[in-house]
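This is what each chain is made of:
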Amino acid sequence: LAASGQLFVITKEDTITCFAGQPVAQPPRHDTDTHLTTASLSADSTAAARRLIQSAGRRRGYAVVWGLQDGQLLEAIIRESDFQVIGVDGNAELVNQLRGRFDQLGLYGSRVCLLVGDGDSVQLPPYLADLVITEAPERIFPAAEPAAEPAAVDFECLRPYGGAFCAIANAD
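Below, the structure is looked at part by part. Bear in mind that the values here come from a model prediction, so they are computed numbers and not experimental data.

Notes on a nonpolar patch on the surface
And step 1. Taken together, the side chains of L7, V9 and F19 make up a nonpolar region of the molecular surface, amounting to roughly 250 Å² of accessible area.
And step 2. By secondary structure assignment, the location of V9 is in strand β2 (residues 6–10).
And step 3. Residue V9 is classed as partly exposed on the basis of its relative accessible area, which comes to 31%.

Next up, the structure:
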């Protein structure tokens, strides 16, 4: 990309380099992962994220989380992989709370994006996601109440070859 007399190059390793007329002795480096601490995550969320990432068979690309509870699994996916994560939930208050949390961590907009809605109202591009998961499997698969309407999930965002949909069931 060329703009304002500068050339920006994006590499396969996800680094961005700017070439301009004046050399810079010590160019700034930005690493969002330095903001992450393990204090806020449960061991269960971290273990679940590792299993999901292993099931996906890849550590980078796009992950979509349909249905959020507390953002623990979503944050663990970010911490344990290089996925760009999109979270979708119908609870606007929860989504705004999580936006603030990830913004404080320096991750909102760079590694995570959160949307209010469901599979009927949020239209993601087809075949975008390498991994589709949920923090709330009971809302997507309401086995306890046969009359309950499952939450709408857009599975068209999942890559048809190599994409993985994973849900972790509660032990109950």
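A word on the pattern of salt bridges
And step 1. Taken as a whole, this structure holds five salt bridges when the rule is applied.
And step 2. Here R79 ties to E75 by a salt bridge, and the two come within 2.9 Å at their closest N and O atoms. In this pair, R79 and E75 are both assigned in helix α2 (residues 72–80), four residues apart and thus about one turn of the helix distant. Like R79, the residue E75 is buried in the burial classification.

Looking at helix α1 (residues 43–56)
And step 1. The first and last C-alpha atoms of α1 sit 20 Å apart over 14 residues, in line with the 20 Å expected at 1.5 Å per residue.
And step 2. Those residues of α1 not exposed but buried are S45, T46, A48, A49, L52, I53 and A56. One side of α1 carries all its buried residues, which in axial view fall inside an arc of 165°. Summarising the geometry of α1, the exposed residues directed more than 90 degrees from the buried face are A43, D44 and Q54.
And step 3. Within two residues after α1, G57 carries a phi angle of roughly 75°, on the positive side.

Looking at the sheet that holds strand β1 (residues 2–3)
And step 1. Ordered by their spatial adjacency, three strands build an open sheet running β1-β2-β3, and the pairing between neighbours is antiparallel. The sheet is open, and its two borders are formed by β1 and β3 (16–19), each paired with just one other strand.
And step 2. When β2 meets β3, the two strands line up antiparallel, connected through four bridges. Directly across from V9, in β3, lies its bridge partner T17.

Remarks on unusual backbone geometry
And step 1. Despite not being glycine, Y127 has its phi angle at roughly 65°, a positive value.
And step 2. Within the secondary structure, Y127 is located in the loop between β6 (112–116) and β7 (131–133).

What to know about the sheet that holds strand β5 (residues 82–89)
Hydrogen bonds between backbone groups are what pair the strands of a sheet, and the pairing can be parallel or antiparallel.
And step 1. Reading across from one edge, β6-β5-β4-β7-β8 is the order of the five strands in this open sheet, with parallel pairing throughout. Looking at which strands have only one partner, the edges of the open sheet turn out to be β6 and β8 (164–166). Strand-to-strand twist across the sheet, computed as the mean angle between neighbouring axes with direction ignored, equals 15°.
And step 2. Strands β5, β7 and β8 of the sheet are contacted by α1, whose axis makes an angle of about 150° with β8.
And step 3. Along the sheet, helix α3 (residues 92–104) makes contact with β5 and β6, crossing β6 at roughly 165°.

Cut-off values and rules
- Residues numbered from 1 in each chain as written.
- Predicted model: local features only at pLDDT ≥ 70, side-chain atom pairs only at ≥ 80, totals over all residues.
- Heavy atoms only, no water.
- Patch = residues over 30% accessible without salt bridge, like charges linked within 9 Å, V, L, I, M, F, W, Y side chains within 5 Å.
- Areas by Shrake-Rupley, 256 points an atom, 1.4 Å probe, with all protein chains shown as cover.
- Salt bridge = Lys/Arg side-chain N within 4 Å of Asp/Glu carboxyl O.
- Helix = DSSP H or I, 4+ residues; strand = E, 2+ residues; numbered from the N terminus.
- Buried < 20%, exposed > 50% of the residue type's maximum accessible area, 1.4 Å probe, protein only.
- Expected span 1.5 Å × (residues − 1).
- Arc of directions from axis to C-beta.
- Pairing = 2+ DSSP bridges.
- Axes fitted to C-alpha atoms, helices over the stretch in contact; angles between N-to-C directions.
- Contact = heavy atoms within 4.5 Å.

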